[in-house]
Amino acid sequence: MAEAADLQGTGPSPARRWVRRTAAALAGAPLLAALLTVPPAHAAPEALAAAPSAPAAAKASGQRSVDVSLDTLTPSAPTEGDTLKISGTVTNQGKETVSNAVVDLRVGPRMSSRGQIDSLAKRSGFRPGSDGEALGGTYTVKIPQLPAGISHDFSLSVPVDKLGLDGEGAYQLGVSLTGRTTSEPYDQVLGIERTLLPWQPEATETKTQLAYLWPLISSAHLSAETGTDDQQTPVFEDDKLAEELAPGGRLERLVSLGAELPVTWVVDPDLLATVEAMANSYQVKNGDQRVSGKNQARAEQWLDSLQKAVQGRKVVALPYGDPDLASLAHRGREVSGSLGHLRPATDVAETTVETILHVKPSVDFAWPVDGAVDPSIVDVATSAGADKVIARGDSLRDDLPYAPNAARPIGGGTTAVVSDASLSTAFQGDMTRADTATLAVQQFLAQTLVLTHQQPGKQRSIVVAPQRMPTAAQAQSMATALRGLSAQRWSQPSDLVAAAAAKPDPDAATKVPASRQYPGRLRRGELPVAAYHDVRVTQETLDDFAGILTQPDRVVTPFGNAIDRGMSTSWRGRGEAASDYRAGVLRHLKDLTAEVQLIDKSDLTLSGRSATIPVTVQNQLVQGIDRLTLKLTSTKPTRLKLNGDDTVATLPVRIDGGHSQSVKFTASANANGPVPMTAQLYTADGKPYGKPMTFTAKVSEITPTVMLVIAGGFLLLVLAGVRMYSRRKKAVAADGDGAPAPGAPGGPAGNGGDGADGGEPVDGPPAGGSDAPAAPGSGRAQPSDPAPDTAAQSADAPGQGEKVDR
């Protein structure tokens, strides 16, 4: 502060500054004398001359104005005669230029416990006495100037025998930068990075059995939709899976790296089925459209590589879709039917893996998220037949000074296979940074070595269960660590099945923690209860739909798998996306069920006592429907009855794909008037299918009384006509037999003369009106006479054999 004040011209007087400096010198004299009396063994004379006071040294040792990163360290587990090579970068993060900088290698103490290793990772800043002495000599890198904000690469190469390693174990190894700044012109450690160096030049007498899980799990990419063709072309939600399968992609790296490592493959069968679907013709959603997928070759290559990688290896198949067991235990149990999906998912898993990979998997393992368990999770995990639960040491904790065997009996014939928490979480960070990956690898190797040294004469079986979906960089770091163990100097590769069968340690914890101890951060990421309501509705809709189909597998398989995907662990942290996926599955299913429907019917009029009512059912699916019935209900049976005396008539429905059928019901009318009718389809178990269809039947029916009246009237008309016809015939007959001769009394008058009785003229109307017959030969016929079927009648006597109507 005094120097700053001087620069600004506002500081104290020269006399006052002299007094302060004198006092500071007197106060620091004893400390300076002590430092000069016991100089550090590695300090150069010029460093001693510029050595700061103790407070200044403490301040300098705690600051980190220079960042030191270690990008490579090889070999990661050296042996006698090896040369340790370290490369990295130093970056000046301060505001002043660092001069006379020296990059040194420091060997610290040997780690006696795994707790010390964990504590080392949390330390920051330089600690004299704890971070070891600088190696110095020719094993340094000198940087004359390191300006602010500038980075400088370095590389150190040191024979292992120069490190002073005096016994087997994991050693603290540090790379530091010592330098000066303008404000503090003396040598001080401005930055340090620590790592661990496992030193086990000879194989241990007893080696740790290490089972490393290698997970092949992805998020959901396949939808429930398929094409209408015979192959049922699958439809993908997106084409992002192709990126994971491409060279350098996450899944490609997992298969390529895992093929060369002694690991236990843990597979979600849904991923295998999805990639197999991609290997053939497939489509991808693009808004409301579908486009053809173009990554068949990638999928085929990946499957081929995986099939070769797993031959002769242990493969564990998770239930299809990798269901979230904790969510099911804590939320799904509240919804009936949710747990019923686990057993079918396990059965499908075994078949899928065996069919695609041509190996028989183990299906008796359950893997809750992060290995966190409580009694309800264990119950759910074992409900589908699994008798082994992969837990983790930070959930099922041990109060032991060593790591016991992974296998623990937890009651009910169930074994908890407890993975090591530190080893399982070693690569969860950002492994895209070379320095982060290097530190993680070295810490992993050191942990395994110290673990073996905990009980040198006792062999133990340890399981490592890493994160479910490691990135490509994380997979690379995991592979590097496993290669570091390939010499098998203190560990041997094992598999999950063997670890589960190992003899349990009698002192290991076997009590499953209570539900209240389940981590809150994990509970917050669980699927909500509403998700399982969605699942139940979708499953019930699918069951009803499948019951009417002639080829139910075309629908049950894609939708059943999609339902399993909707409960996947991969949805954690993506609640909105999970909800959208489940809603899409249900929406598409309902669209399919709507393809079988009743065609709206207009009102109709029924005339007569009996009639036929047609109802049309349409099937727009590509497959036929069966085991469906159609019920027609009359709401007013006093007016209209069905099938004799019933108010409801039922007829079976069977229709081929792409066709319609007219179902005809017999109705009988009792009275006139409108009758509301309801038609409804039903499944075989009596559940309504689709929406009901209503229409009105207008009855216009003639009752028996009216029929009698009409019949009576008609009979009277017929009788009247018969009587009139009879009278006419008699009149005609009378005229033909007794007619007087012309000129005779009563006969027709002569020309121009009157009749004998003063009657009408001959050519006038007859005296008898219209009913009187016409005079013979007049050529006029009466309107009521039938048309003659013979020649006109003659007044002459009939000839022999001629019949005359009388």
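Refer to the preceding data block for the structure.
Only a predicted model underlies this, so the values are computations on that prediction, with no experimental measurement involved. (Residues numbered from 1 in each chain as written. Predicted model: local features only at pLDDT ≥ 70, side-chain atom pairs only at ≥ 80, totals over all residues. Heavy atoms only, no water.)

**Student:** In this structure, what is going on with the overall build of the chain? I would like to understand it.
**Tutor:** Regarding its fold elements, the chain presents 21 helices and 30 strands. Sequence separation of 24 or more characterises 76% of the internal contacts of the chain that already satisfy a separation of 6 or more. Accessible surface, the chain as shown: approximately 40100 Å² in total, 53% of it carbon and sulfur. (Helix = DSSP H or I, 4+ residues; strand = E, 2+ residues; numbered from the N terminus. Contact = heavy atoms within 4.5 Å. Areas by Shrake-Rupley, 256 points an atom, 1.4 Å probe, with all protein chains shown as cover.)

**Student:** Mind showing me how you'd approach the environment of serine 157 here?
**Tutor:** The topology assignment puts serine 157 in strand 6 (residues 151-159). Given the relative accessible area of 41%, serine 157 is considered partly exposed. For the pair serine 157 and threonine 83, spaced 74 residues apart in sequence, the C-alpha separation works out to 6.6 Å. Beyond its immediate stretch of four places on either side in the chain, serine 157 contacts Thr83, Leu84, Lys85 and Tyr139. (Buried < 20%, exposed > 50% of the residue type's maximum accessible area, 1.4 Å probe, protein only.)

**Student:** Help me understand a nonpolar patch on the surface, please; the structure alone is not making it clear to me.
**Tutor:** A grouping of Leu715, Leu716 and Leu719 is seen on the molecular surface, where their side chains present a nonpolar patch of about 320 Å² in accessible area. The residue leucine 719 is located in helix 21 (residues 704-737) in this model. (Patch = residues over 30% accessible without salt bridge, like charges linked within 9 Å, V, L, I, M, F, W, Y side chains within 5 Å. Salt bridge = Lys/Arg side-chain N within 4 Å of Asp/Glu carboxyl O.)

**Student:** Just to check I follow, could you spell out the sheet that holds strand 22 (residues 596-598) for this structure?
**Tutor:** Remark on secondary structure: sheet strands pair via backbone hydrogen bonds, oriented parallel or antiparallel. Sheet architecture is open: four strands sit in the order 22-24-28-26, paired in antiparallel fashion. The outermost strands of the open sheet, each flanked by one partner alone, are strand 22 and strand 26 (640-642). This sheet shows a mean twist of 35° between the axes of neighbouring strands, independent of strand direction. (Pairing = 2+ DSSP bridges. Axes fitted to C-alpha atoms, helices over the stretch in contact; angles between N-to-C directions.)

**Student:** Could you clarify how one ought to interpret the packing of helix 19 (residues 553-565) against helix 20 (residues 575-593) in this entry?
**Tutor:** For any two helices packed against each other, the geometry comes down to the angle between their axes and how far apart the axes lie. Two elements in contact, helix 19 and helix 20, have axes separated by 9 Å at closest approach and are oriented at 160°. Viewed along their axes, helix 19 and helix 20 adopt a mutual orientation that is roughly antiparallel. Between helix 19 and helix 20 lies a crossing of left-handed hand. Judged by residue contacts, Val555, Phe559, Ala562 and Arg565 of helix 19 engage Tyr581, Val585, His588, Leu589 and Leu592 from helix 20. Considering only residue class, the contact of helix 19 with helix 20 consists of seven nonpolar, one polar and one charged. (Parallel < 35°, antiparallel > 145°, perpendicular 65-115°, else oblique. Left-handed = near helix turned anticlockwise from the far one by under 90°. Nonpolar A, V, L, I, M, F, W, Y, C, P; charged D, E, K, R; others polar.)

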